[in-house]
Amino acid sequence: MGDALIRMLAAVFAACCLAVVPVHAAAADDDERMEKLFTFKDPRITESSGLAVSPTHPGIYYTHNDSAAAPTFYAVDGEGRTRATYQLRGAEARDWEAMAASKDPRTGRGVLWFADIGDNLDGAWPDVSIYKVMEPQRLGDATLPAVRYRFRYADGARNAEGIMVNPRTGRLYVVSKEFAGSVYAAPKTLRTDRTNVLRRVATAPIMATDAAYAPDGSSYVVRTYFSATLYKPSGETIARVTMPQLEQAESIAFTADGKALLTGSEGARSPVYRVPLPARALASASPSATPTPTPTPSPAKAESSLDAQADSAAGGGLALKDVLIWLAAAATAIGVITFIARRTA
């Protein structure tokens with residue numbers, strides 16, 4: 001009953017928290033019809049937990065299972081057929097929960113990131129790992145070398161299921177899966193000879209299961225079991241996007257053109273849906289949506305607000321909004337648990 005109970009509690013908490021932290025929902029008139037893009041046909045893909053669009057191979061998507069005996073990922077085409085299977089050398093698969101894709105600005109080569117960040121005991125591991133892999137230039141089964149980066153959270157261990165990479169700055173972010181979730185920024189320069197510290201820079205929706213940056217860096221999205229929320233790079237909410245009902249919504253990514261979202265689920269022969277972004281959300285996310293006489297900020301300046309939040313977070317403490325969320329969640333939890341206890345007594 002564990003998973004079902006968590007989802008039920010999350011649903012109730014979400015409804016409660018929405019009353020405390022209002023979000024502008026995307027207008028229904030702007031919504032285009034979501035469509036099933038494909039279904040994974042490979043019987044080995046049973047727990048698709050991460051999803052990314054290939055930065056260099058048109059029509060190719062990458063995924064990996066939640067956990068496996070070996071660190072493996074798959075290249076899949078638009079029909080859901082596996083085109084290549086890859087093993088990572090120098091990597092473990094303790095609890096892979098997410099992946100992201102970016103481009104090396106110097107070489108133009110694709111870069112894939114695999115996040116071994118699951119921690120259901122919120123502190124069972126002294127650190128978590130994210131692996132960096134250069135995208136293969138040709139599709140075909142192979143073993144690829146991986147660079148391992150170790151991380152710890154500045155404010156204590158926690159469970160997480162989402163990572164994303166800002167394409168403008170190359171900075172890596174981790175999104176925690178909690179009743180009062182957070183976005184954590186990695187250092188600008190990652191080190192392999194020491195543990196990198198993740199610092200909290202923004203809030204995240206309740207029980208986030210994945211996250212992704214838009215290809216142009218104008219926005220990012222965070223997925224939960226029930227919906228997705230679009231944000232500006234500063235962390236300001238743009239819109240909530242309705243998602244299809246899935247057995248266990250675990251993954252999200254932007255399409256290559258940034259005009260739609262892709263979302264998937266765990267389970268054998270699980271589907272991947274394409275959900276077009278509403279016109280209002282696209283306009284809000286566009287860097288030129290609000291006319292201004294000042295020049296467009298450089299990547300470094302565009303990220304300064306997140307850096308400022310990271311600096312202030314070093315001092316610790318919770319924001320008022322976080323306190324309200326926790327109070328609402330706690331009150332609802334007590335009510336739901338009391339109800340269940342009475343029904344089962």
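Everything in this summary refers to the structure shown in the same document.

Points about the side chain of T72
- Relative to the elements of secondary structure, T72 occurs in strand β4 (residues 72–76).
- Judged by its relative accessible area of 12%, T72 falls in the buried class.
- Within the structure, the side chain of T72 is placed 2.7 Å from the side chain of Q87, a separation counted as a polar contact.
- Residues in contact with T72, not counting those within four places in the same chain, are H64, T85, Y86, Q87 and W96.

Let's talk about the side chain of S48
- Mapped onto the fold, S48 is located in strand β2 (residues 48–53).
- Here T63 takes part through its side chain, which lies 2.6 Å from a polar atom of the side chain of S48.
- Excluding residues within four positions of it along the chain, S48 makes contact with F40, T63, H64, N65, E250, S265, E266 and S270.

Section: the sheet that holds strand β3 (residues 61–65)
- Reading across the sheet, the five strands line up as β2-β3-β4-β5-β9 and stay open at both edges, with mixed pairing between neighbours. Either end of the sheet is taken by a strand with one partner, and the two such strands are β2 and β9 (142–145). Adjacent strand axes in the sheet meet at a mean angle of 30° when their direction is disregarded.
- Inspection of the sheet shows β3 paired to β4 by three bridges, in the antiparallel sense. When the bridges of β4 are listed, Y61 appears paired with V76.

A word on the environment of A84
- In this structure, A84 sits in strand β5 (residues 82–89).
- Distance from A84 to R138, taken between C-alpha atoms, is 9.5 Å for residues 54 residues apart in sequence.
- The residues contacting A84, other than those within four sequence positions of it, are F73, Y74, A75, L139, G140 and D141.

Some words on the nonpolar core
- Judged by nonpolar contacts, the single largest core of 20 residues is most densely connected at W113, I117, I130, F151, I163, L172 and V174.
- Among residues more than four places away in sequence, those in contact with F151 are D127, V128, I130, L172, A186, L190, T195, N196 and L198.

Rules of the game
Residues numbered from 1 in each chain as written. Predicted model: local features only at pLDDT ≥ 70, side-chain atom pairs only at ≥ 80, totals over all residues. Heavy atoms only, no water. Helix = DSSP H or I, 4+ residues; strand = E, 2+ residues; numbered from the N terminus. Buried < 20%, exposed > 50% of the residue type's maximum accessible area, 1.4 Å probe, protein only. Polar contact = N/O pair within 3.5 Å; in protein donor to acceptor, adjacent residues only side chain to side chain. Contact = heavy atoms within 4.5 Å. Pairing = 2+ DSSP bridges. Axes fitted to C-alpha atoms, helices over the stretch in contact; angles between N-to-C directions. Core = buried A, V, L, I, M, F, W, Y, C linked by side-chain atoms within 4.5 Å.

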